[in-house]
Amino acid sequence: MQTESVYRWVLLGICPTILILGNIIYMAYLDGPIAVNKDGFVNRILVKRGWFWTTVIGWLCILRYDAKRQWKSSLKRYLILTLWWYVFTQGILWFDIPPIMDLIFKYSGGSCNFDIYDSDGNVNLKFQDSWRRRIKSWRMIYDKVKDYQKNGKNPLAVDSKLMDFVTGSIEKAIEHYSYHIKSNIMIKEISRLLSDLNITYSTEQINDFIKNFISNTTVGNSSGANSTLDNSFACRLNGGYWQGGHDPSGHIFLLTLMILFLVGESKQFIVGAVMRVVDTRKYVMDKIKKICNEPMANASVYERRVRKLMRCLSFSASYILWENPVILLLLLLAIWVWNFVITVIVFHTLTEQLSGLFFAYVVGALLYYDY
């Protein structure tokens, strides 16, 4: 009973502890913001699809080590967590209900922002949080306006000169800054792009035009969920920037759920599975040496290398994927913990991190407190 109590508090204390330590590290040792590529491999392929990887590896371990046949209880907890993750971060598309996190953001004063220029006629550095995302949004806005112009009709009675000016200024911005990024040139000064054009409009007119234009020309998906810009997905899809309100950290929310699920469901087998890996390490090394030293008659050097490589890969896949999938679980858990640390140090305010953690624990803690 004492061991179970310790495990429970370790499980429930992991994420809050990381959040507290991460913020202490940030305040004590870091002087300013850290540049992190949000569109990098880890974030784009792993974290953004985190629930998929957690599902695959988590259930691989549950089914492999479930000697007591408790998978039905695991399935119940998994379905509850999945439903909560979906409602909180994805919404209920069938009823055009935005995600809970977007509703919190919207009703706390947030909106979809299209202010691509600041009041001085410069590129607005607060529009998007990186140059690559900024340019990507410019392209999306530019393409939408150009497509509208190509139709030759003007059902919205848009000022054609203003429309030409907007596309011209965005095109100029894309060319200028894309060149700097591709050439790895640091962008230190923001030139007054608008003053170089013959027709001048106020930045307020331009920004208002873009937002009104996108809002009036946005075509929703089959469910109609994206016919307005009141959710983060529709906002990003149309080149906007979700900004202004309280934005509960979706990363903290998702990472917390994934860590709770992996650590919670591995309680029954984690110690035995890890000990098995430790006990078989000599067998694994001997097996690999045997494969590498195995003679192969009537084969060229290249063929021998390929065959040995394929046998090593086959043995490793069998050893890890089926015999010891706990290796993958520990690796994935380490990735989620590391990303949790990075998210705490780099992204969102402390209150937004805490709200993401809170909403994850609303369901997660209830499921695993008495487990």
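Quick caveat: nothing in here was measured; it's all calculated off a predicted structure.

Colleague: Run through the state of the cysteines, naming residues and quoting values.
Modeller: According to the stated counting rule, one finds one disulfide in the structure shown. Bridging Cys-112 to Cys-235, the disulfide has an S-S length of 2.1 Å. Of note, the bridge from Cys-112 to Cys-235 carries an S-S torsion of about 90 degrees and is right-handed in sense. Taken together, the residues span a long stretch of sequence, with Cys-112 in strand β1 (residues 111–113) and Cys-235 in helix α9 (residues 232–237) at a distance of 123 residues.

Colleague: Pulling in residues and values, what's your account of the UniProt feature "active site" (unreviewed entry) in the chain?
Modeller: Summarizing the sequence annotation, UniProt attributes the feature "active site" (unreviewed entry) to His-251 and His-348 in the numbering used throughout. Spanning 98 residues, the named residues nonetheless gather at one spot, since no C-alpha pair among them exceeds 9.6 Å. Position of His-251 relative to the elements: it lies in helix α10 (residues 250–265). Here His-348 is to be found in the loop between α14 (326–346) and α15 (350–368). A residue is classified by how much of its surface remains accessible, and His-348, at 33% relative accessible area, is partly exposed. Sequence-distant contacts of His-348, defined by excluding residues within four places in its chain, comprise Asp-247, Pro-248, Ser-249, Gly-250 and Gln-353.

Colleague: Provide a residue-level description of helix α3 (residues 50–65), including the pertinent values.
Modeller: Residues spaced three or four apart along an α-helix point in a common direction, a consequence of the helix completing one turn every 3.6 residues. Its 16 residues place the ends of α3 22 Å apart at the C-alpha level, agreeing with the 22 Å of an ideal helix rising 1.5 Å per residue. Within the span of α3, buried status applies to Gly-50, Trp-51, Thr-54, Thr-55, Ile-57, Gly-58, Trp-59, Cys-61, Ile-62 and Tyr-65.

Colleague: Could you give an account of the UniProt feature "transmembrane region" (unreviewed entry) in the chain, naming the residues involved and the relevant values?
Modeller: Under the UniProt annotation, the feature "transmembrane region" (unreviewed entry) is placed at residues 9–30, 50–66, 78–97, 252–278, 326–347 and 353–369. Note that residues 50–66 is 94% helix and 0% strand, and that its end C-alpha atoms are spaced 23 Å apart. Note that residues 252–278 is 85% helix and 0% strand, and that its end C-alpha atoms are spaced 32 Å apart.

Colleague: Give a detailed account of the packing of aromatic side chains, specifying residues and quantitative values.
Modeller: In total, this model carries 15 aromatic pairs according to the counting rule given. Relative to Phe-253, the ring of Phe-88 lies with its centre 4.2 Å away and its plane at 25 degrees, an arrangement referred to as stacked. Within this pair, whereas Phe-88 is found in helix α4 (residues 71–89), its partner Phe-253 is found in helix α10, the two being separated by 165 residues in sequence. Note on Phe-88: relative accessible area 0%, which makes it buried. By the ring-pair criterion, three or more aromatic residues cluster together here, those being Trp-51, Trp-59, Tyr-78, Trp-85, Tyr-86 and Phe-261.

Colleague: How would you sum up the pattern of salt bridges? Please name residues and give values.
Modeller: As enumerated under the stated definition, the model contains two salt bridges in all. Between Arg-77 and Glu-265 there is a salt bridge, with the nearest N and O atoms lying 2.6 Å from each other. With Arg-77 in helix α4 and Glu-265 in helix α10, this residue pair connects regions lying 188 residues apart in the sequence. The same class applies to Arg-77 and to Glu-265, which are both buried. Note that Arg-276 and Glu-323 form a salt bridge whose closest N and O atoms lie 4.0 Å from each other. Of this pair, Arg-276 sits in helix α11 (residues 270–279) while Glu-323 sits in helix α13 (residues 301–323), and the two are 47 residues apart along the sequence.

What counts and how
Residues numbered from 1 in each chain as written. Predicted model: local features only at pLDDT ≥ 70, side-chain atom pairs only at ≥ 80, totals over all residues. Heavy atoms only, no water. Disulfide = S-S within 2.5 Å. Helix = DSSP H or I, 4+ residues; strand = E, 2+ residues; numbered from the N terminus. UniProt positions renumbered as here; feature names shortened; annotations may be inferred. Buried < 20%, exposed > 50% of the residue type's maximum accessible area, 1.4 Å probe, protein only. Contact = heavy atoms within 4.5 Å. Expected span 1.5 Å × (residues − 1). Phe/Tyr/Trp six-rings, centres within 6.5 Å; stacked < 30°, edge-to-face > 60°. Salt bridge = Lys/Arg side-chain N within 4 Å of Asp/Glu carboxyl O.

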